[in-house]
There are 2 protein chains.
Amino acid sequence: MMGGEKAAPGVTIREVAKAAGVSTATVSRVLNADPRVSPDTARRVRECVAELGYKMNQVARSLKTRATRTIGVVAPRLASDFFMLLAESMDRELSAYGYGLFVCSSRESVSEEEQRLQLMAERLVDAVVMIPATDRGTHYRPFIGRGTPFVLVDRLVSDLEADAVLVDNAGGARDATRALIADGYRRIGFLGGSLEVSTARERYEGFTEAMAEAGLAVEEDFVRFGSLHVESGYLSMAEMLARPGAPEAYFIVNADTHVGATNYLMTEGWASRGRIVFASFDEMPYSPLLQFCRWSVSQPIDELGARTARLALDRIGGTVPPEPEIIRLGTKLIRHDVRPRTLRSDGFD
Amino acid sequence: MMGGEKAAPGVTIREVAKAAGVSTATVSRVLNADPRVSPDTARRVRECVAELGYKMNQVARSLKTRATRTIGVVAPRLASDFFMLLAESMDRELSAYGYGLFVCSSRESVSEEEQRLQLMAERLVDAVVMIPATDRGTHYRPFIGRGTPFVLVDRLVSDLEADAVLVDNAGGARDATRALIADGYRRIGFLGGSLEVSTARERYEGFTEAMAEAGLAVEEDFVRFGSLHVESGYLSMAEMLARPGAPEAYFIVNADTHVGATNYLMTEGWASRGRIVFASFDEMPYSPLLQFCRWSVSQPIDELGARTARLALDRIGGTVPPEPEIIRLGTKLIRHDVRPRTLRSDGFD
DNA sequence: CTGTTAGCGCCTTCAG
DNA sequence: CTGAAGGCGCTAACAG
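Quantities reported herein were computed from a predicted structural model and do not represent experimental measurements. (Residues numbered from 1 in each chain as written. Chains lettered and ligands numbered in written order. Predicted model: local features only at pLDDT ≥ 70, side-chain atom pairs only at ≥ 80, totals over all residues. Heavy atoms only, no water.)

What to know about the overall build of chain A
Short version of the rule: Helix and strand assignments come from DSSP, with helices taken as H or I runs of at least 4 residues and strands as E runs of at least 2, each series counted from the N terminus. Radius of gyration: C-alpha atoms only; globule rule: 2.2 Å multiplied by the number of residues to the exponent 0.38. A simple rule labels every residue: compare its accessible area, found with a 1.4 Å probe on the protein chains alone, to the largest value its type can have, and call it buried under 20%, exposed over 50%, or partly exposed in between. Residue contacts follow a heavy-atom distance rule, with two residues in contact if any of their heavy atoms lie within 4.5 Å. In short, Shrake-Rupley with a 1.4 Å probe defines the accessible areas, and a residue's cover is counted only from the protein chains shown. Neither His nor the chain termini are counted; the positive set is Lys and Arg, and the negative set is Asp and Glu. The atoms used to mark charge sites are NZ of Lys, CZ of Arg, CG of Asp and CD of Glu.
Each helix and strand counted, chain A has 13 helices and 12 strands in total. In terms of overall size, chain A is more extended than a compact globule, its C-alpha atoms giving a radius of gyration of 26 Å where 349 residues would be expected to give roughly 20 Å. By principal-axis analysis of the C-alpha atoms, chain A measures approximately 85 × 50 × 45 Å. Among the 349 residues that make up chain A, the fraction classed as buried is 56%. Pairs at least 24 apart in sequence give 67% of the contacts found in chain A among residues at least 6 apart. On chain A, roughly 14,400 Å² of surface is accessible, and the fraction owed to carbon and sulfur atoms is 51%. The positive charge centre, built from 42 side chains, and the negative charge centre, built from 47, are 6 Å apart in chain A.

Laid out in structure tokens, this is it:
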């Protein structure tokens, strides 16, 4: 069994040059749409390119130009609704410019983040898009020092200034909380993620602001911080409802937590026992199944991805002032009719 | 505003060589763990590498070796649970070997698939993992002809033989349908995807087999093919239930369709009006919210990704016979208790 | 408008 | 065990 042969060497620029009776420089110029080539030769070259089935070797090109037309993405998990939506929209935005995505997971670990950045550095990606795993980012410094554009998405880190594309988490949480208050609820619980994560922290702030401005107290017994995962939502909900005098209304920090909390209610038969009401961050395809949700905060993930991609491209092009740029996108508050529920907006209703 | 400066040129093998007082060849040998270097020099070289903060330029390396340690992935959509789970597991498997993932979306289009393959070819990826957008794959031929390993995942195409990693779709559907039959249902509807997609087709076959072996008729009026998306499930469910004499039990082809169908039931108040029961492919974090689901077929997506990655690596290494290899993984039938519902297995219960 | 000439950073025979 | 030298495929001055 013959081992490890590489892909067929392929046609090079030289063979095209020979076939077209020109120099490699000319072929290169045609390939790069350099205007100073006579239309005739250009045409002839293009014919040879087609006939020989020439495909440019981007690796060789990158070695020379120091540009790979590749953007690296590091996320705490690839298997998350947020990341996949983001990747899809970045891909759409970037593919038009011939850029591609090199993705990997940091597995929610700082040390893996470092390793991944090393990988990116060695591969000469043109820019890195990072969804931080934690609140700390000092270990990004060596990478950033290399001069490669670096943009944070979704979450901020507290010890580093860098480009960032985020949503208005505090505003979204405030809106949702206000809506519950306007609905007449005076006591509202909070189901949250760790305050170590900027999104969770900001959403908590928005929640407390809305409570304060309405003169309502935040009851410590009914504020729970956990992880941002399904299990945490389930547990937090269980704990709070186990306490006497639990509120009827809750603000929930994200979709996964929301799924967990909803599942607890369904498991334990609260659907019939009480009139629990949620306001929650995130709108997902399965959101119509979240029965206790009256208000949800929809993030413009598509735009988040597009803006991120754009900012990365601008940095690569050097067409933007060097000061770190922080982009905050607005959220949209959505009312879910109690009954009947409707399918998400791109469907019917 | 100074435009388009690249990342800082970085330390090269030459500078390391000079600092260590050896030749570049020796440094290269040390970097590649070539045994024929004296331990002393090796140590000295490694010190210099550390002190100078040398990072290998993989692009230059790739130009020479014709290997990029990168695997390209093309999927119809990046924003799908299936793709993301797959990517996560491939990443986990590959990162240990220094491989990375270059991903892009074909947007469910054959022509985009072609473009993406061109991109991959130019970038000299070591292998391509393809989730086909349609049932056709003749346009993969030119790429495969280059000699780059090519493995299909999840779906087969009807006009091309190639490596493939799949699940036993027919078997899973058969099991689920049998379970409904064993529960006493004699009339079972089918909510499906287009038969143009191999997964949907195979699942339909499994369904019909189970019905046939039980001597039950497949009623055409209660078989619906659509896309594999949420909206399609909603519509199909609506149509079927609008017909007089609709069955109580349904087999559903995948998670998205399942979400759509479930949502229809909730929207229209069927939750109270009837005892609709589902058996469905796919198990997801939000599955506990799918209230009508009694049986679900869990796909081993993690293993699918791991096996795919392994096969790709084996092909790259040339350590496996050249005949196309088709791997079929078994599915697991899961019973969902009607009440109370439980959180998915990695949670509690 | 076009060709010549150097490399980009690394690996890899081939000599020593 | 180690060094010298050539080249992977392409681009970018610099001449003409």
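Overview of the environment of B:Q118
Summarising the element assignment, B:Q118 is placed in helix α6 (residues 110–122). In this structure, the C-alpha to C-alpha distance between B:Q118 and B:P142, residues 24 residues apart in sequence, is 9.7 Å.

Points about helix α3 (residues 39–52) of chain B
All names here are of chain B. To keep it simple, the criterion reads: Take the residue count of a helix, subtract one, and multiply by 1.5 Å to get its expected span.
Under the 1.5 Å per step criterion, the end-to-end length of α3 is 20 Å for 14 residues, consistent within 8% with the ideal 20 Å. At its buried positions, α3 is contacted by α1 (13–20) and α2 (24–31). Positioned one or two residues after α3, G53 has a phi angle of 65°, which is positive.

A look at the protein's contact with DNA strand D
Just so we agree on the cut-off: Definition of nearness: a residue and a molecule or strand are near each other if at least one heavy atom of the residue lies within 4 Å of the molecule or strand. Definition of a polar contact: a pair of N or O atoms within 3.5 Å, with one able to donate and the other able to accept a hydrogen when the atoms are protein atoms, and with sequence-neighbouring residues admitted only if both atoms are side-chain atoms. Gly falls in the polar group here, along with every residue not listed as nonpolar (Ala, Val, Leu, Ile, Met, Phe, Trp, Tyr, Cys, Pro) or charged (Asp, Glu, Lys, Arg).
Close contacts around DNA strand D come from 26 residues, with A:I13, A:S28, A:Y54, B:T26 and B:R29 the closest. A share of 61% is what sugar and phosphate atoms reach among the atoms of DNA strand D within 4 Å of the protein. Within the side chain of A:R61, one N or O atom sits 2.8 Å away from a phosphate oxygen of DNA strand D. In this structure, B:T26 approaches DNA strand D through a side-chain N or O atom, which is 2.8 Å from a phosphate oxygen. Among the elements of the structure, α2 (24–31) and α4 (58–65) of chain A together with α2 and α4 (58–65) of chain B are those that each provide at least two residues to the surface near DNA strand D. No other element matches α4(A), which puts four residues into the surface near DNA strand D. By residue class, the composition of the surface near DNA strand D is nine nonpolar, 10 polar and seven charged.

Notes on the sheet that holds strand β7 (residues 223–226) of chain A
Residue and element names in this part refer to chain A. In plain terms, the rule: Any two strands with at least two DSSP-identified bridges between them are counted as paired. Axis definition: a line fitted to C-alpha atoms, limited for helices to the stretch in contact. Angles are taken between N-to-C directions and run from 0 to 180 degrees.
Strand order in the open sheet formed by six strands is β7-β6-β8-β9-β10-β12, and the pairing between neighbours is mixed. Since the sheet does not close on itself, it has two edges, and those belong to β7 and β12 (332–335), each with one partner. Averaged over all neighbouring strand pairs, the angle between strand axes comes to 15°, with direction disregarded. As defined by bridge partners, strand β10 (residues 293–298) adjoins β12 across four bridges and the pair is classed as antiparallel. Counterpart to S298 in the pairing with β12 is K332. Relative to the sheet, helix α9 (residues 198–213) contacts β6 (188–193), β7, β8 (249–252) and β9 (277–281), its axis offset from that of β6 by approximately 165°.

Concerning the pairing of β7(A)
Residues and elements named next belong to chain A. Quick note on the threshold: Seen with the strands pointing away from the viewer, any crossover whose path from the first strand over the helix to the second strand runs clockwise is right-handed.
Summarising the sheet, β6 and β7 pair through four bridges and their orientation is parallel. Across the sheet, residue F190 finds its bridge partner in β7, namely V223. Traced from β6 through α9 to β7, the parallel crossover comes out right-handed.

Focus: the packing of α2(A) against helix α3 (residues 39–52) of chain A
All names here are of chain A. Let me state the cut-off plainly: Should an angle fall under 35 degrees it is taken as roughly parallel, and over 145 as roughly antiparallel, whereas 65 to 115 is taken as roughly perpendicular and any remaining angle as oblique.
Their axes nearest at 10 Å, the elements α2 and α3 cross at an angle of 90°. On the basis of the axis angle, α2 is roughly perpendicular to α3. Residue-level inspection shows V27, V30 and L31 of α2 in contact with α3, the latter providing A42, V45, R46 and V49. For the contact of α2 with α3, the residue count by class is six nonpolar, no polar and one charged.

A few points about the pattern of salt bridges
The criterion, for reference: When a carboxyl oxygen of Asp or Glu lies within 4 Å of a side-chain nitrogen of Lys or Arg, that pair is called a salt bridge.
Under the defined criterion, the tally for this structure stands at 43 salt bridges over all chains. Salt-bridge contacts for B:R107 lead to B:E112; the nearest nitrogen and oxygen are separated by 3.2 Å. The class for B:R107 is partly exposed, based on a relative accessible area of 26%. Residues B:R315 and B:D163 are paired through a salt bridge, measuring 2.5 Å at the closest nitrogen-oxygen approach. Here the residue B:R315 occupies a position in helix α13 (residues 301–317), and B:D163 occupies one in strand β5 (residues 163–167), the gap between them amounting to 152 residues. The same class applies to B:R315 and to B:D163, which are both buried. Several salt bridges converge on common partners, so that one network encompasses A:D91, B:R107, B:E112 and B:R116.

Overview of the interface of chain A and chain B
What counts, and what does not: By buried area we mean the combined loss of accessible area, with a 1.4 Å probe, across both parts when two parts are placed together.
In this assembly, 81 residues from chain A lie in contact with 82 residues from chain B. Between chain A and chain B, roughly 6,700 Å² of surface is buried when both sides are summed, and carbon and sulfur atoms account for 61% of that area. Taken together, the links from chain A to chain B amount to three salt bridges. We note a salt bridge from A:R107 to B:D91, for which the minimum N-O separation is 2.5 Å.

Points about the relation of the copies chain A and chain B
Rules: A least-squares superposition brings the copies together, and it is based on the C-alpha atoms of residues with pLDDT no lower than 70 in both.
Rotating chain A by 180° about the axis while translating it 0.1 Å along that axis superimposes it on chain B, leaving an RMSD of 0.1 Å. This pairing of chains is accounted for by a two-fold axis. Among all residues of chain A, the one whose C-alpha sits closest to the rotation axis is A:F102, at a distance of 2.2 Å. Of the residues that chain A buries at the interface, 99% are likewise interface residues in chain B, meaning the two copies contact each other through the same surface.

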